[in-house]
Amino acid sequence: MPVAYVALGSNLGNKEENIRRALELMEKHGIRVRQVSPLLATEPYGVTDQPEFLNGAAEVEWTGDPESLLHTLLAIEQEMGRQRKRHWGERNIDLDLLLFGDQCIHSEDLVLPHPDMANRSFVLEPLAAIAPQVVHPVFHRTIGELWQDLQKKQTRKQE
Ligand SMILES: Nc1ncnc2c1ncn2[C@@H]1O[C@H](COP(=O)(O)OP(=O)(O)OP(=O)(O)O)[C@@H](O)[C@H]1O
Ligand SMILES: Nc1nc2c(c(=O)[nH]1)N=C(CO)CN2
């Protein structure tokens, strides 16, 4: 059965409760949650004038195709009364599909692997905690290596 990885994020309301609820709803909608990373408090990326995020990553099994998994994740966001105030802005829940096996997709609705994942420490740090050996199908580097690469880049920027 294909294994996929989902990024979980929240920076409005009770962030931990929102993420726990999203995980429950994923199971309820037939997404089998195999592993969940620790949840980490992270600085906002992209749009910086917003509250701190809580982020995590989950390893899941899904019997359908990637598009139907994405639509199920979007339906869960709606069921949770998703509030999105602006692009890259604050939201009570955000569920992004990061990887679906080694599939590469470029459709109007879905881009896989998630195009910005290698630049996001709030994605790579929790993902590396549960899937360090998984190979990114475009960069041909493991998630653990991508996380190390990004940390080095960030250290160089601070120097
Ligand atoms: N891998 C993916 N995971 C989630 N959504 C995706 C993906 N690829 C494309 N999309 C599309 O992006 C839309 C969701 O955009 P959303 O509002 O969540 O963007 P964002 O979270 O503000 O930014 P980002 O996607 O860069 O994190 C969805 O409607 C979906 O069709
Ligand atoms: N730390 C952090 N920053 C973000 C996040 C997120 O989940 N965590 N999500 C965003 C929009 O997808 C934009 N910025």
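Thresholds applied
Residues numbered from 1 in each chain as written. Chains lettered and ligands numbered in written order. Predicted model: local features only at pLDDT ≥ 70, side-chain atom pairs only at ≥ 80, totals over all residues. Heavy atoms only, no water. UniProt positions renumbered as here; feature names shortened; annotations may be inferred. Axes fitted to C-alpha atoms, helices over the stretch in contact; angles between N-to-C directions. Helix = DSSP H or I, 4+ residues; strand = E, 2+ residues; numbered from the N terminus. Parallel < 35°, antiparallel > 145°, perpendicular 65-115°, else oblique. Left-handed = near helix turned anticlockwise from the far one by under 90°. Contact = heavy atoms within 4.5 Å. Nonpolar A, V, L, I, M, F, W, Y, C, P; charged D, E, K, R; others polar. Near = heavy atom within 4 Å. Polar contact = N/O pair within 3.5 Å; in protein donor to acceptor, adjacent residues only side chain to side chain. Areas by Shrake-Rupley, 256 points an atom, 1.4 Å probe, with all protein chains shown as cover. Phe/Tyr/Trp six-rings, centres within 6.5 Å; stacked < 30°, edge-to-face > 60°. Buried < 20%, exposed > 50% of the residue type's maximum accessible area, 1.4 Å probe, protein only. Core = buried A, V, L, I, M, F, W, Y, C linked by side-chain atoms within 4.5 Å.

In the nomenclature of an unreviewed UniProt entry, the chain is known as 2-amino-4-hydroxy-6-hydroxymethyldihydropteridine diphosphokinase of Acidaminococcus fermentans. Looking at the Catalytic activity (unreviewed entry) heading of the UniProt record, one finds this comment for the chain: "6-hydroxymethyl-7,8-dihydropterin + ATP = (7,8-dihydropterin-6-yl)methyl diphosphate + AMP + H(+)". Looking at the Pathway (unreviewed entry) heading of the UniProt record, one finds this comment for the chain: "Cofactor biosynthesis; tetrahydrofolate biosynthesis; 2-amino-4-hydroxy-6-hydroxymethyl-7,8-dihydropteridine diphosphate from 7,8-dihydroneopterin triphosphate: step 4/4."

Describing two packed helices takes the angle between their axes plus the distance from one axis to the other. Relative to each other, helix α3 (residues 121-130) and helix α4 (residues 143-158) sit at 140°, their axes nearing to 9 Å. When the interaxial angle is binned, α3 and α4 end up oblique. When you trace α3 past α4, the crossing you get is left-handed. Taken together, the residues of α4 that come into contact with α3 (itself represented by Ser121, Leu124, Glu125, Leu127 and Ala128) are Ile143, Leu146, Trp147, Leu150 and Gln154. Class assignment of the residues belonging to the contact of α3 with α4 gives a composition of 7 nonpolar, 2 polar and 1 charged.

Neighbouring residues of ligand 1: 13 residues in total, closest Arg84, Leu97, Asp109, Val111 and Arg120. In this structure, Asp96 approaches ligand 1 through a side-chain N or O atom, which is 3.2 Å from an oxygen atom. Asp109 has a polar backbone atom sitting 2.6 Å from an oxygen atom of ligand 1. Expressed as a share of its isolated accessible area of 610 Å², the protein-covered part of ligand 1 is 76%.

Below, the discussion takes up the UniProt feature "domain: 7,8-dihydro-6-hydroxymethylpterin-pyrophosphokinase" (unreviewed entry) in the chain. Cross-referencing UniProt, the feature "domain: 7,8-dihydro-6-hydroxymethylpterin-pyrophosphokinase" (unreviewed entry) maps to residues 87-98 in the present numbering. Helix makes up 0% of residues 87-98 and strand 42%, whereas the separation of the span's terminal C-alpha atoms amounts to 18 Å.

Bringing the site of ligand 2 into the picture now. Around ligand 2, the neighbouring residues are Thr42, Glu43, Pro44, Tyr45, Phe53, Asn55, Trp88, Arg91, Asp94 and Phe122. Thr42 places a polar side-chain atom, nitrogen or oxygen, 2.8 Å from a nitrogen atom of ligand 2. Residue Tyr45 places a main-chain N or O atom 2.8 Å away from a nitrogen atom belonging to ligand 2. Contact with the protein chains covers 97% of the free accessible surface of ligand 2, which is 340 Å². For the shell around ligand 2, the residue count by class is 5 nonpolar, 2 polar and 3 charged.

A few words now on the packing of aromatic side chains. As enumerated under the stated definition, the model contains 2 aromatic pairs in all. Ring geometry for Tyr45 and Trp88: centres 5.3 Å apart, planes at 45°, overall tilted. One end of the pair, Tyr45, is in the loop between β3 (40-42) and β4 (53-61); the other, Trp88, is in the loop between α2 (66-79) and β5 (94-100), and 43 residues separate them in sequence. On the basis of relative accessible area, Tyr45 is assigned to the partly exposed category, the value being 28%. Taking relative accessible area as the criterion, Trp88 reaches 34% and is therefore assigned partly exposed. For the ring pair Tyr45 and Phe122, a centre distance of 5.7 Å and an interplane angle of 65° mean the geometry is edge-to-face.

Counting residues in hydrophobic clusters, the biggest one holds 27 residues, and the most contacted among them are Met26, Val60, Leu69 and Leu97. Of all the secondary structure elements, the ones that give two or more residues to this core are β1 (3-10), α1 (15-28), β4, α2 and β5. The residues touching Leu97, leaving out its near neighbours within four places in the chain, are Ala4, Tyr5, Val6, Pro66, Leu69, Leu70, Leu73, Leu110, Leu112 and His114. Phe122, Ala131, Leu146 and Trp147 belong to the second-largest nonpolar core, a separate cluster that totals 18 residues.

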